[in-house]
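# Tertiary structure, described
Here are the chains, one letter per residue:
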Amino acid sequence: MTHTSIAENERIAVFPGSFNPFTAGHADIVERGLALFDRIIIAVGVNAAKGESDADNAVEAIRCVYSGEPRVSVEAYSGLTVHFARERGARFLLRGVRSVKDFEYERDMAQINSQLSGIESVVLFSRPELAALSSSVVRELAAYGEDVTPFLP
Ligand code: ADP
């Protein structure tokens, strides 16, 4: 009989994104993902054009949100998401969809990632009240001096 440790059976999901910034919509996906997975690694993609400091700032901010949640960790990464997931022993990618526009993109990514690696994508529909919320809207409102705290976790 082979010995399998609990760690090997652990359900680890990588939740990849730009998170610029991390919004209440992202936080809702993490919260609901915690009902499905043992651990979630929030993976902040390093945008080659913008450099590492943006991602590092996002990592610090998101870590503050989850400082009391040992099942959530936060890291910056570059390169292919499935390579990062494999390195971390994650068998799942977690993503969210708000609309048909998101749906087609998420479906294509899920199919490519599955073909590349066998890693399964678990895609959650956004809560209706969060479906219009995006990082780009938050950035735009902030640029014009609006209070964006209602949109952030
Ligand atoms: P990316 O640049 O990879 O799309 P984002 O940071 O914009 O990264 O989003 C990461 C994931 O979170 C994506 O799957 C996106 O569809 C999802 N997401 C973003 N905003 C929301 C929201 N308001 N509700 C649910 N899912 C969301």
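The paragraphs below set out a description of the structure included in this document. In this text the structure is predicted, and so the values were computed from the model without any measurement.

### Re the side chain of Ser-135
Among the secondary structure elements, Ser-135 is positioned in helix α6 (residues 135-143). Look at Ser-135 and you get buried, because its relative accessible area is 14%. Apart from the residues within four sequence positions on either side, Ser-135 is in contact with Asn-20, Pro-21, Thr-23 and His-26.

### Observations concerning the environment of Ala-61
Along the chain, Ala-61 falls in helix α3 (residues 52-65). Here the alpha-carbon distance between Ala-61 and Val-74, two residues 13 residues apart in the chain, equals 9.7 Å.

### Re the pairing of strand β3 (residues 72-77)
Pairing of strand β2 (residues 39-45) with β3 involves six bridges; the strand directions are parallel. Pairing of Val-44 across the sheet is with Ala-76, part of β3. With α3 bridging β2 and the parallel β3, this β-α-β connection has right-handed handedness.

### Regarding the sheet that holds strand β1 (residues 12-17)
Taken together, the five strands give an open sheet; going across it, the order is β3-β2-β1-β4-β5, and neighbouring strands pair in parallel fashion. Of all strands in the sheet, those bounded by a partner on one side alone are β3 and β5 (120-125). Neighbour to neighbour, the strand axes of the sheet diverge by 30 degrees on average, direction disregarded. Bridge count between strand β4 (residues 92-97) and β5: six bridges; the pairing is parallel. Note on β5: the bridge partner recorded for Val-97 is Phe-125. Set on the sheet, helix α5 (residues 100-117) makes contact with β4 and β5; between it and β4 the angle comes to about 170 degrees.

### As for the site of the ligand
What surrounds the ligand is a group of 16 residues, the closest being Ser-18, Phe-19, Gly-96, Leu-130 and Leu-133. Between the ligand and His-26 there is a distance of 3.3 Å, counted from an oxygen atom to a side-chain nitrogen or oxygen. In the model, a nitrogen atom of the ligand is placed 3.0 Å from a nitrogen or oxygen of the Leu-133 main chain. Compared with its free state, where it exposes 560 Å², the ligand has 85% of that area covered by protein.

### Quick look at the pattern of salt bridges
Within the structure shown, the criterion is met by ten salt bridges. Notably, a salt bridge pairs Arg-88 with Glu-87, separated by 3.7 Å at the nearest N-O pair. On the basis of relative accessible area, Arg-88 is assigned to the partly exposed category, the value being 31%. Of the charged contacts, one joins Arg-95 and Glu-106 as a salt bridge, the two residues approaching to 2.9 Å between their closest N and O atoms. One end of the pair, Arg-95, is in strand β4; the other, Glu-106, is in helix α5, with eleven residues separating them in the sequence. What emerges from the salt-bridge pattern is a single network uniting Asp-28, Arg-32, Arg-127 and Glu-129.

The rules we used
Residues numbered from 1 in each chain as written. Predicted model: local features only at pLDDT ≥ 70, side-chain atom pairs only at ≥ 80, totals over all residues. Heavy atoms only, no water. Helix = DSSP H or I, 4+ residues; strand = E, 2+ residues; numbered from the N terminus. Buried < 20%, exposed > 50% of the residue type's maximum accessible area, 1.4 Å probe, protein only. Contact = heavy atoms within 4.5 Å. Pairing = 2+ DSSP bridges. Right-handed = clockwise from strand over helix to strand, strands pointing away. Axes fitted to C-alpha atoms, helices over the stretch in contact; angles between N-to-C directions. Near = heavy atom within 4 Å. Polar contact = N/O pair within 3.5 Å; in protein donor to acceptor, adjacent residues only side chain to side chain. Areas by Shrake-Rupley, 256 points an atom, 1.4 Å probe, with all protein chains shown as cover. Salt bridge = Lys/Arg side-chain N within 4 Å of Asp/Glu carboxyl O.

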